[in-house]
Amino acid sequence: MPVLVMKFGGTSVANLDRIRRAAKRVGVEVAKGYDVIVIVSAMSGKTNELVGWVNETSPLFDAREYDAVVSSGENVTAGLMALTLQEMDVPARSWQGWQVPLKTTSAHSQARIEEIPPENINAKFGEGMRVAVVAGFQGISPEGRITTLGRGGSDTTAVAFAAAFEAERCDIYTDVDGVYTTDPRICDKARKLDKIAFEEMLELASLGAKVLQTRSVELAMRYKVKLRVLSSFEEQSDEAGTLVCDEEEIMESNVVAGVAYSRDEAKLTVQSVADRPGIAAHIFTALSEAGVNVDMIVQDISDEGRTDMTFSCPTDQVARAEQALQAVKEKGELNYAELLADRDVAKVSVVGIGMRSQSGVAAKMFKVLSDEGINIKVITTSEIKISVLIDRKYMELAVQALHDAFELDKAA
């Protein structure tokens, strides 16, 4: 029988009533003739509670035991979902990561999936099981210890299963009814997209859109897994939600598909460093070793052999960045006049595969921001995106103005 993967996030399984509602959706797909693999998250708020217990018990915790504790939330949901399906006379059983087995690296709390052998689950399908309810977010290391995949890892679990079992589709059920042109909470003209290309979704996810986890989109793009984002709270049809697919499957699209934003950004400037080979390597090696997530990078024009280096990072990593660069300076490996940190910035981006073939997007974006009196601090571009750093107080205005200017409320 064809295989369908269905993933239910924390809000979709937040209590027994919602688990029953999700189970009914699974039952509908079983009735259509699918063997279904259901990936479940922990009930809403449960993972945060478990993480809090770990931190309270052992602030300098053993990462292996951390994974053992925080993965338990998904186990509870998987068991309850299987029991609910059994009550509906749907042959189902729960699977923990190690039982599949979902094999991962040994990087506890940030493990990466290495292999999902399909034999165990396929054997049970052959014996009459119709639904395998798999605990998301978790796997097993080569040492036989439970691992977790990082926050949002259940999305990645779902896509990986869809690839391993050559599923017809992977449906991601969440608390929104699809992917929008921007955040509807900021722009009331935001429009739900029927389809979006993998590359556009990957950019939007990495730039702040929280509908799908970035790693899950990377996997889907690599293995050509059709993804559909749906609401678990609304009536469904075959055309519901947003389909994330190959660019070739989209007949016509707007030049810009969406506007993304990231509120918690900071801009740091290393003033007056020597303009010579190796300086950038010193700066960004130190930041990398300190675990600082550097995004946008700009180097100023050299003046008398000195230059300024500006970069952005999440606001909660500024202190780490300052400490890392101060340490390099004290070792004599890097000489700079001052390190300036601006914590009141936001990143706003426009994304669209249509940029490849149409010029003028950057000019239009900058004109729109200029007309609104918004100063641009840093610019970066790629083939299908343009990102700018601006003062945070103008973020919502910028998103709304760009959404209007590119007429994203209208379909192509």
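You'll find the chain entered in an unreviewed UniProt entry as Aspartokinase, with Phaeobacter inhibens given as the organism. In its Catalytic activity (unreviewed entry) section, the UniProt record describing the chain reads: "L-aspartate + ATP = 4-phospho-L-aspartate + ADP". Annotation of the chain in UniProt includes, under Sequence similarities (unreviewed entry), the sentence "Belongs to the aspartokinase family."

Peer 1: Is there a simple way to think about unusual backbone geometry in this case?
Peer 2: Where the residue is not glycine, phi is negative for most of them; where a peptide bond is considered, it is trans in most cases. With an omega of -5°, the peptide bond running from Val100 to Pro101 counts as cis. Note on placement: Pro101 falls in the loop between strand 3 (92-95) and strand 4 (103-104). A positive phi angle, close to 50°, is found at Glu166, a residue other than glycine. Relative to the helices and strands, Glu166 is located in the loop between helix 6 (153-164) and strand 9 (169-174). For Glu166, a relative accessible area of 71% gives the class exposed. Despite not being glycine, Glu304 shows a phi value in the positive range, around 55°.

Peer 1: Would you take a moment to explain the pairing of strand 2 (residues 35-40) for this structure?
Peer 2: In summary, the side chains of a regular strand alternate between the two faces of the sheet. Taking burial as the measure, the 6 residues of strand 2 include 6 buried ones, the bulk of the element. Direction of pairing for strand 1 (residues 3-8) relative to strand 2: parallel, over a ladder of 6 bridges. The residue bridging Phe8 from the neighbouring strand is Val40, located in strand 2. Where the polypeptide runs from strand 1 across helix 1 (residues 16-31) and back to strand 2, its parallel neighbour, the crossover connection is right-handed.

Peer 1: Explain the UniProt feature "binding site: substrate" (unreviewed entry) in the chain to me, please; I cannot follow it from the model alone.
Peer 2: Mapped onto this numbering, the UniProt entry annotates "binding site: substrate" (unreviewed entry) at Thr47 and Glu74. On the basis of their most widely separated C-alpha atoms, the annotated residues across 28 residues gather in one place, lying no more than 8.6 Å apart. Tracing the backbone through its elements, the reader meets Thr47 in helix 2 (residues 46-57). Residue contacts for Thr47: discarding those within four places in its chain leaves Ala42, Glu74 and Arg151.

Peer 1: Sorry if this is basic, but what is going on with the side chain of Ser349 here?
Peer 2: Along the chain, Ser349 falls in strand 16 (residues 338-351). For Ser349, a relative accessible area of 0% puts it in the buried group. A distance of 2.7 Å separates polar atoms of two side chains, one belonging to Ser349 and the other to Ser387. The residues contacting Ser349, other than those within four sequence positions of it, are Leu207, Gly258, Val259, Ala260, Ile386 and Ser387.

Peer 1: What is the right way to look at helix 1 in this model?
Peer 2: Think of an α-helix as 3.6 residues a turn; residues three or four steps apart then line up on the same face. With 16 residues, helix 1 ought to run about 22 Å at 1.5 Å a step, and its terminal C-alpha atoms sit 22 Å apart, in line with that. Residues of helix 1 that are buried include every one of Ile19, Ala22, Ala23, Arg25, Val26, Gly27, Glu29 and Val30, and no others. Looking at the buried positions of helix 1, the neighbouring elements they touch are strand 1, strand 2, helix 4 (72-87), strand 6 (131-135), strand 9 and strand 11 (227-231). Measuring from the backbone nitrogen of Asp17 back to the side-chain oxygen at the start of helix 1 gives 3.2 Å, which picks out Asn15 as the cap. Once helix 1 ends, the next one or two residues include Gly33, with phi positive near 110°.

Peer 1: Just to check I follow, could you spell out the packing of helix 11 (residues 361-371) against helix 12 (residues 395-405) for this structure?
Peer 2: Geometry of a packed helix pair, given as the angle between the helix axes and the separation of the axes. Here helix 11 crosses helix 12 at 130°, and the two axes come no closer than 10 Å. Here helix 12 runs oblique to helix 11, going by the angle between their axes. At the point where helix 11 passes helix 12, the crossing takes the right-handed sense. Seen from helix 11, the contacting residues are Lys364, Met365, Val368 and Leu369; seen from helix 12, they are Ala398, Ala401, Leu402 and Ala405. When grouped by side-chain class, the residues that make up the contact of helix 11 with helix 12 number 7 nonpolar, no polar and 1 charged.

Peer 1: Mind showing me how you'd approach the nonpolar core here?
Peer 2: The tendency in soluble globular proteins is for nonpolar side chains to be buried side by side. Counting 41 residues, the largest nonpolar core has Val5, Ile37, Ile121, Phe161, Cys170 and Met201 as the members making the most contacts within it. Other than its neighbours up to four places away in sequence, Met201 contacts Val179, Ile196, Leu212, Val217 and Val244. Of all hydrophobic cores here, the second largest spans 26 residues; its members include Phe8, Val26, Val38 and Leu230.

Peer 1: Explanation requested: the sheet that holds strand 15 (residues 306-314) in the structure shown.
Peer 2: Two modes of strand pairing occur in sheets, parallel and antiparallel, and in both the strands are linked by backbone hydrogen bonds. The strand order across the open sheet formed by 6 strands is 14-15-13-16-18-17, and the pairing between neighbours is antiparallel. The outermost strands of the open sheet, each flanked by one partner alone, are strand 14 (297-299) and strand 17 (378-382). The average angle at which neighbouring strand axes cross in this sheet is 25°, direction not considered. Lying on the sheet, helix 7 (residues 198-206) is in contact with strand 13 (258-274), strand 16, strand 17 and strand 18 (385-391); it crosses strand 16 at an angle near 150°. Lying over the sheet, helix 12 contacts strand 13, strand 16 and strand 18, oriented at roughly 120° with respect to strand 13.

Peer 1: Honestly, the packing of helix 9 (residues 279-289) against helix 10 (residues 318-330) in this entry has me stumped. Any pointers?
Peer 2: At a minimum axis separation of 9 Å, helix 9 and helix 10 run at an interaxial angle of 130°. When the axes of helix 9 and helix 10 are compared, the pair comes out oblique. You can see that helix 9 and helix 10 cross each other, and the crossing is right-handed. Here helix 9 contributes Ile283, Ala286 and Leu287 to the contact with helix 10, which in turn contributes Ala321, Ala324, Leu325 and Val328.

Peer 1: Would you mind going over the packing of aromatic side chains with me for this structure?
Peer 2: Each aromatic ring pair is characterised by the separation of its centres together with the angle its planes make. With the rule as written, the count across this model stands at 4 aromatic pairs. Residues Phe61 and Tyr66 carry aromatic rings whose centres are separated by 4.8 Å and whose planes lie at 15° to one another, so their mutual orientation is stacked. The partly exposed category is assigned to Phe61, whose relative accessible area is 32%. Judged by relative accessible area, Tyr66 falls into the buried class, the value being 13%. Between Phe284 and Phe311 the ring centres are 5.8 Å apart and the planes differ by 75°, which places this aromatic pair in the edge-to-face class. With Phe284 in helix 9 and Phe311 in strand 15, this pair connects stretches of sequence that are 27 residues apart. The pair formed by Phe284 and Phe311 is uniform in burial state, with each residue classed as buried.

The rules we used
- Residues numbered from 1 in each chain as written.
- Predicted model: local features only at pLDDT ≥ 70, side-chain atom pairs only at ≥ 80, totals over all residues.
- Heavy atoms only, no water.
- UniProt positions renumbered as here; feature names shortened; annotations may be inferred.
- Helix = DSSP H or I, 4+ residues; strand = E, 2+ residues; numbered from the N terminus.
- Buried < 20%, exposed > 50% of the residue type's maximum accessible area, 1.4 Å probe, protein only.
- Pairing = 2+ DSSP bridges.
- Right-handed = clockwise from strand over helix to strand, strands pointing away.
- Contact = heavy atoms within 4.5 Å.
- Polar contact = N/O pair within 3.5 Å; in protein donor to acceptor, adjacent residues only side chain to side chain.
- Expected span 1.5 Å × (residues − 1).
- Axes fitted to C-alpha atoms, helices over the stretch in contact; angles between N-to-C directions.
- Parallel < 35°, antiparallel > 145°, perpendicular 65-115°, else oblique.
- Left-handed = near helix turned anticlockwise from the far one by under 90°.
- Nonpolar A, V, L, I, M, F, W, Y, C, P; charged D, E, K, R; others polar.
- Core = buried A, V, L, I, M, F, W, Y, C linked by side-chain atoms within 4.5 Å.
- Phe/Tyr/Trp six-rings, centres within 6.5 Å; stacked < 30°, edge-to-face > 60°.

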